[in-house]
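Residue-level listing of the chains:
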Amino acid sequence: MKIIYVNDYDEMSERAATIIAKQINQAPNSTLGLATGATPEGLYQKLIQLNKQGKVSFKDVTTFNLDEYVGLPHTDKNSYRYFMNNHLFDHIDINRNNVHIPNGLADDLEEECKRYEAKIKEIDVQVLGLGLNGHIGFNEPGTSFSSRTHLVSLTDSTRKANSRYFQKLDDVPRMAITMGIETILESKRLILLVSGEEKSEAVERLVNGNISEDFPASILKSHPEVVLIADKAALKRLNVQNELVC
Ligand code: PGA
């Protein structure tokens with residue numbers, strides 16, 4: 001895993017946008033894996049700017065999102081479908097037929113997981129955020145490294161972290177659909193974005209800890225093409241000056 005040290009959130013977003021724009025410009029029909037959460041918002045803003053400036057086109061791009069809550073309609077501000085429309089898709093020239101997000105309202109959720117998994121084409125670049133407990137997507141600690149798209153019960157830690165977007169903790173869904181860890185690892189390249197001091201313990205554990213299902217992100221160290229773009233605050237417990245390979 002290559003670590004790129006950046007000064008702040010803005011620089012993290014800029015570096016990630018540059019990688020993605022380059023990928024699309026080299027292969028206009030690229031497939032992207034996308035994430036939600038506070039971390040990638042800046043990246044999406046930069047991609048919107050690049051699209052508006054005519055520097056990148058999403059016309060032939062296909063996207064697959066990592067996850068979705070169970071039970072929230074698309075019109076709900078907290079659904080990941082709403083988040084993606086609002087933060088990216090409504091503002092770029094993407095063909096909506098090429099946008100894929102798990103359906104958390106499906107009658108048969110197990111069937112929906114299978115359907116989604118079968119649809120996923122090889123992902124050229126997958127964007128990931130890092131959960132405080134090491135989750136990637138909604139793959140919580142203890143998830144098998146050989147998991148495929150599946151239904152999960154969210155941990156208290158994740159529900160609490162995400163409750164900042166809801167009126168109260170009780171409103172945070174208890175279940176979600178997520179791409180599995182093996183599904184994620186089949187991506188050709190992965191970009192893990194981390195910003196802020198709050199994540200510094202998780203980053204330290206990722207870099208210095210063992211590869212273990214207790215800390216799902218640790219498996220990324222076994223993938224040949226992972227870049228962690230992290231800012232100064234997130235890297236404060238580690239001695240990284242510019243770039244490091246671990
Ligand atoms: P965040 O979430 O981007 O909102 O910090 C990351 C995650 O939990 O995967």
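Each remark here, short or long, concerns the structure printed above.
Below is a summary of the structure that appears in this document. Quantities reported herein were computed from a predicted structural model and do not represent experimental measurements. (Residues numbered from 1 in each chain as written. Predicted model: local features only at pLDDT ≥ 70, side-chain atom pairs only at ≥ 80, totals over all residues. Heavy atoms only, no water.)

## Some words on the sheet that holds strand β8 (residues 175-178)
Phase 1 of the analysis: Pairing within the open sheet is antiparallel, and its three strands lie in the order β4-β8-β7. Each of the sheet's edge strands pairs with one partner strand only, and the pair in question is β4 (67-69) and β7 (150-153). The sheet shows a mean angle of 25° between the axes of neighbouring strands, taken without regard to direction.
Phase 2 of the analysis: Strands in contact with helix α4 (residues 109-119) are β7 and β8; relative to β7, the strand with the most contacts, it is inclined by about 125°. (Pairing = 2+ DSSP bridges. Helix = DSSP H or I, 4+ residues; strand = E, 2+ residues; numbered from the N terminus. Axes fitted to C-alpha atoms, helices over the stretch in contact; angles between N-to-C directions. Contact = heavy atoms within 4.5 Å.)

## A closer look at the packing of helix α2 (residues 41-52) against helix α3 (residues 80-87)
Phase 1 of the analysis: Viewed as axis vectors pointing N to C, α2 and α3 meet at an angle of 40°, and their least axial separation amounts to 10 Å. As summarised for this structure, α2 and α3 are arranged oblique, according to the angle between their axes. Contacts between α2 and α3 involve E41, Y44 and I48 from the former and F83, M84 and H87 from the latter.
Phase 2 of the analysis: Here the residues of the contact of α2 with α3 are counted per class, giving four nonpolar, one polar and one charged. (Parallel < 35°, antiparallel > 145°, perpendicular 65-115°, else oblique. Nonpolar A, V, L, I, M, F, W, Y, C, P; charged D, E, K, R; others polar.)

## Observations concerning the environment of K199
Phase 1 of the analysis: When you line up the elements, K199 lands in the loop between β9 (189-194) and α7 (200-208).
Phase 2 of the analysis: Separated by 36 residues in sequence, K199 and L235 have C-alpha atoms that sit 8.5 Å apart.
Phase 3 of the analysis: Those residues in contact with K199 that sit more than four places away from it in its chain are T39, L130, L132 and V194.

## Comments concerning the site of the ligand
Phase 1 of the analysis: Neighbouring the ligand are G37, A38, T39, G129, L130, G131, H135, R164 and K199.
Phase 2 of the analysis: A38 is positioned with one of its backbone polar atoms (N or O) 3.0 Å from an oxygen atom of the ligand.
Phase 3 of the analysis: R164 places a side-chain nitrogen or oxygen 3.0 Å from an oxygen atom of the ligand.
Phase 4 of the analysis: If the ligand stood free it would expose 280 Å²; the protein chains cover 83% of that surface.
Phase 5 of the analysis: The residue makeup of the shell around the ligand, split by class, is two nonpolar, five polar and two charged. (Near = heavy atom within 4 Å. Polar contact = N/O pair within 3.5 Å; in protein donor to acceptor, adjacent residues only side chain to side chain. Areas by Shrake-Rupley, 256 points an atom, 1.4 Å probe, with all protein chains shown as cover.)

## A word on α4
Phase 1 of the analysis: Listed as buried for α4 are L109, E112, C113, Y116 and E117. Seen end-on, α4 carries its buried residues on one side only, within an arc spanning 130°. Looking at α4, the residues exposed on the side facing more than 90 degrees away from the buried face are K114 and A118. (Buried < 20%, exposed > 50% of the residue type's maximum accessible area, 1.4 Å probe, protein only. Arc of directions from axis to C-beta.)

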